[in-house]
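Coordinate analysis (summary)
Chain by chain, the residues run as shown.
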Amino acid sequence: MDTLIYPPREIIEADRPPRPAALLSKSYRDRLIERGMLALYRWYTSRSQETRNWNVDLGFDWRNINQNFSPTTKQVLKGFFAVEQYVPDYVSKALDLVRRSHGRSHFQIRWGSEEEKHADTWENAVLFSRSQTPDQLEEYKFQLRKKEWELPWEDPLHLLLYTVFQERATQLNYINIGKIAAGQKAGFEADKCDVLSKVALTIATDEAAHYNFFLEAARLHMYYYPLETLEAIRDVVEHFAMPAQALMPDWREFFEAAYKAGVYGPREYARDVVAVGFKQFGIESRKSLEAGILKTRLIPDEEGQMRNSAIWETFDPDGIVEDVKRLYAKVQGFEDKYGMSELDPTHFVENPLWKAV
Ligand SMILES: [Fe+2]
Ligand SMILES: [Fe+2]
């Protein structure tokens, strides 16, 4: 399959808007996506600075974290620490893939700076709760960093979709450890801890922001490349695994502890990750997604575009176009705030082949 060029390799004069609206060329669609990603990244960064600029070391009362967590909770915290320990790989590998895109590559750096805080915060949580001694943690870190995380997908579109579901899964992990810390999980009442509760809530809020960014970015791709994006969703969900799974020496212990604590497992993945993501893409179920893609693929059109009406039954096109328009309204409002709207505003350009709404 001809994969997404991201951003276009060259800017063709004929592609410059306004263009007769029969078909948007691939190169023009790529430019529109790139422009939308850049605007979204600028909006995100400003908001991140204003609302989530928290301090890893001074922002929490580390001396007063619970020092008697159950072995299960200790193992879960250690696992969170381990997963976030590969931030340098998560950033550098993805950065290499999307380096030609201003919006995506700069976002990756910003995102990495937030993920790096998570790694250090979980390190503090593990150390101050006496879950591991400093020597044990140093040795564990050494073991982790001997290995290198590799990209789960080698094209930007699949990687984007993988990240949507991965961020949602991470957010869910931290919301659930927050429930333990709030004393709301049966069997884990003794693990109640206000410090851990604040940590979990703070990091889960970052993860929610990440999830939203990637989700909005994915819907933007879906608007201009519906079939390719639906296929990427199908592939990613089918092969999904949390990052670092193959790298952590104690992955099995972590997985079992997370399962036992009701933090994460196959049930949570199906119900709180896949089903939630699907709802936000307007997809009914895995079955309907698969069936819709198959039907759409039966009669490919010569332009590689979606003339086949089956595609519109695969998801909710009205919902997606509304979401995308909302995204543009949001970034345009932001550009108004600092005057970019007068200099070089970001415009929504309709995809003429989108189902009429
Ligand atoms: Fe994180
Ligand atoms: Fe994240």
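Computed from a predicted structure; not experimentally measured.

What follows covers the overall build of the protein. Check the secondary structure of the protein and you find 14 helices and zero strands. Along the protein, from the amino end to the carboxyl end, the secondary structure elements read α-α-α-α-α-α-α-α-α-α-α-α-α-α. The C-alpha atoms of the protein give 22 Å as radius of gyration, which agrees with the globular expectation for 357 residues (21 Å, within 12%). Its C-alpha atoms put the protein at 65 × 45 × 35 Å along the principal axes. The buried share of the protein, reckoned over its 357 residues, is 40%.

Running from amino to carboxyl end, helix α1 (residues 26-51) crosses helix α4 (residues 102-128) at an angle of 25°, the nearest separation of the two axes being 7 Å. On the basis of the axis angle, α1 is roughly parallel to α4. Where α1 crosses over α4, the two elements pack in a sense that is left-handed. Within the contact between the two elements, α1 uses Glu34, Met37, Leu38, Leu40, Tyr41, Tyr44, Thr45 and Ser48 and α4 uses His102, Gly103, Arg104, His106, Phe107 and Arg110.

Let us now look at the confidence of the model for the protein. Mean pLDDT over the protein: 91, with 90% of residues reaching 70 or higher. Looking at the elements of the protein, mean pLDDT is at its lowest for helix α11 (residues 286-298), recorded as 85, and at its highest for helix α7 (residues 194-224), recorded as 98.

Before going further, it helps to spend a moment on the environment of Thr121. Within the secondary structure, Thr121 is located in helix α4. Taking the C-alpha atoms as reference points, Thr121 and Phe80, separated by 41 residues in sequence, lie 10.0 Å from one another.

Phi is positive for Arg130, close to 60°, though the residue is something other than glycine. Tracing the backbone through its elements, the reader meets Arg130 in the loop between α4 and α5 (134-146). Overall, the presence of 13 C-beta atoms within 10 Å leaves Arg130 in the partly exposed class. Backbone geometry at Ala244 places phi at a positive 75°, although glycine is not the residue there. Judged by the 20 C-beta atoms lying within 10 Å of it, Ala244 falls in the buried class.

A few words now on the nonpolar core. Core analysis: the largest hydrophobic core is formed by 85 residues, its most contacted members being Leu40 and Leu161. It is α7 that contributes the most residues to this core, 14 residues altogether. The contacts of Leu40, once residues within four sequence positions are left out, are Gly103, Phe213, Glu216, Ala217, Leu327 and Val331.

Here Leu151 shows up in the loop between α5 and α6 (156-181). Discounting residues that sit within four places of it in the chain, Leu151 has contacts with Lys93, Ala94, Leu97 and Leu159.

Between α4 and α7, the shortest axis-to-axis distance is 11 Å and the interhelical angle comes to 160°. On the basis of the axis angle, α4 is roughly antiparallel to α7. Like other packed secondary-structure pairs, α4 and α7 cross with a definite hand, here left-handed. Mapping the contact onto sequence places Trp111, Glu114, His118, Thr121 and Ala125 in α4 and Leu196, Val199, Ile203, Asp206 and His210 in α7.

Here we take up the environment of Glu313. With respect to the element layout, Glu313 can be found in helix α12 (residues 311-314). Sequence spacing of Glu313 and Leu247 is 66 residues, and the spatial spacing of their C-alpha atoms is 40 Å.

Rules of the game
Residues numbered from 1 in each chain as written. Chains lettered and ligands numbered in written order. Predicted model: local features only at pLDDT ≥ 70, side-chain atom pairs only at ≥ 80, totals over all residues. Helix = DSSP H or I, 4+ residues; strand = E, 2+ residues; numbered from the N terminus. Rg over C-alpha atoms; globule rule 2.2 N^0.38 Å. Buried ≥ 20, exposed ≤ 12 C-beta atoms within 10 Å, placed from the backbone. Axes fitted to C-alpha atoms, helices over the stretch in contact; angles between N-to-C directions. Parallel < 35°, antiparallel > 145°, perpendicular 65-115°, else oblique. Left-handed = near helix turned anticlockwise from the far one by under 90°. Contact = placed C-beta atoms within 7 Å. pLDDT = per-residue confidence, 0-100. Core = buried A, V, L, I, M, F, W, Y, C linked by C-beta atoms within 7 Å.

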